[in-house]
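Remarks on the overall topology
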Amino acid sequence: MCGRFALYSDSFSLIKRFEADALPELCPRYNVAPTQSIPIVREESGKRRFALARWGLIPHWAKDMDIGYHTINARAETVASKPAFRNAFRYRRCLIPADGFYEWQVVPGSKTKQPWFIVLRDREPMAFAGLWERWRSPEGEDLESCSIIVTDGNELMQPIHDRMPVILAPGDWDTWLEAETKDAAGLQGLLKPYSAEDMEAWRVSMMINSPRNDSEECLKQTNKI
DNA sequence: CCAGACGTTGTT
DNA sequence: GTCTGG
DNA sequence: CCAGACGTTGTT
DNA sequence: GTCTGG
């Protein structure tokens with residue numbers, strides 16, 4: 001599962017890393033929560049462009065936004081066939097940039113969960129496999145929204161949580177973003193747990209629990225168990 | 001045929 | 001919009 | 001994902 | 001318990 005992440009890299013680094021333009025003005029974020037507006041990368045006429053989308057995908061047929069509370073993640077195993085996601089999987093795939101993400105570990109005998117922060121060992125921003133949609137509200141306003149695809153946790157994640165976001169290696173970005181895809185099975189094949197050896201995790205304080213806390217302190221390692 | 005769901009996680 | 005359940 | 005609210009009327 | 005806000 002992936003219900004909170006961080007995105008604090010500066011614009012220059014993000015543009016360089018994702019080779020995309022039109023990055024909106026961003027401030028560093030250490031505690032991004034569902035329903036917030038987040039940057040996505042998609043391909044428009046062969047070029048990568050940034051855009052903002054509300055986190056929590058609202059299918060075009062939804063009559064209100066409520067479903068968005070339950071579509072912050074899409075299961076890799078079923079994303080190709082579920083009514084809420086299959087059209088987006090076929091036609092509207094995107095990358096969702098993050099410097100790291102948070103997961104909450106259930107600790108036996110403890111009433112509270114232990115939050116962890118997970119990054120790539122090389123500290124580069126990662127790309128979650130994402131989907132986006134455009135929804136027209138009853139008032140006639142268009143809203144773009146998105147979802148992060150999740151899969152089984154790898155060996156690093158397993159002790160922490162059984163699910164993790166799908167992270168795509170740079171070499172797979174073009175394949176994922178390509179509008180014309182003859183090979184749906186090939187896309188499905190990209191939705192695997194990322195290599196655990198290339199990731200790193202540490203405990204962080206309960207401060208992360210409240211989405212109101214959005215400072216660099218959220219990343220600080222703690223020994224609390 | 002029409003009505004109603006369409007989602008994830010975690011917990012029960 | 002499209003599929004499933006009744 | 002977690003935290004925090006969850007209600008009405010009337011008055012300031 | 002469940003929904004909304006962040």
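Above this text you will find the structure in question.
Residues numbered from 1 in each chain as written. Chains lettered and ligands numbered in written order. Predicted model: local features only at pLDDT ≥ 70, side-chain atom pairs only at ≥ 80, totals over all residues. Heavy atoms only, no water.

Some details on the protein's contact with DNA strand B
Around DNA strand B sit 16 residues, and of these Met1, His70, Arg75, Lys82 and His161 come closest. Sugar plus phosphate, as a fraction of atoms of DNA strand B within 4 Å of the protein: 69%. Arg75 is positioned such that a nitrogen or oxygen atom in its side chain is 2.7 Å from a phosphate oxygen of DNA strand B. Ranked by residues supplied to the surface near DNA strand B, first place goes to strand S5 (residues 73-75) with three residues. (Near = heavy atom within 4 Å. Polar contact = N/O pair within 3.5 Å; in protein donor to acceptor, adjacent residues only side chain to side chain. Helix = DSSP H or I, 4+ residues; strand = E, 2+ residues; numbered from the N terminus.)

Regarding the protein's contact with DNA strand C
Around DNA strand C, the surrounding shell consists of His60, Trp61 and Arg86. Considering the 4 Å shell around the protein, atoms of DNA strand C inside it are sugar or phosphate in 35% of instances.

Things to note about unusual backbone geometry
Unusually for a residue other than glycine, Glu19 sits at a positive phi of about 45°. Relative to the helices and strands, Glu19 resides in the loop between helix H1 (11-18) and strand S2 (29-32). Take Glu19: its relative accessible area is 60%, and that puts it in the exposed class. You will see that Ser45, though not glycine, has its phi angle at about 45°, which is positive. Relative to the helices and strands, Ser45 is located in the loop between strand S3 (37-44) and strand S4 (47-55). Classification of Ser45 as exposed rests on a relative accessible area of 78%. (Buried < 20%, exposed > 50% of the residue type's maximum accessible area, 1.4 Å probe, protein only.)

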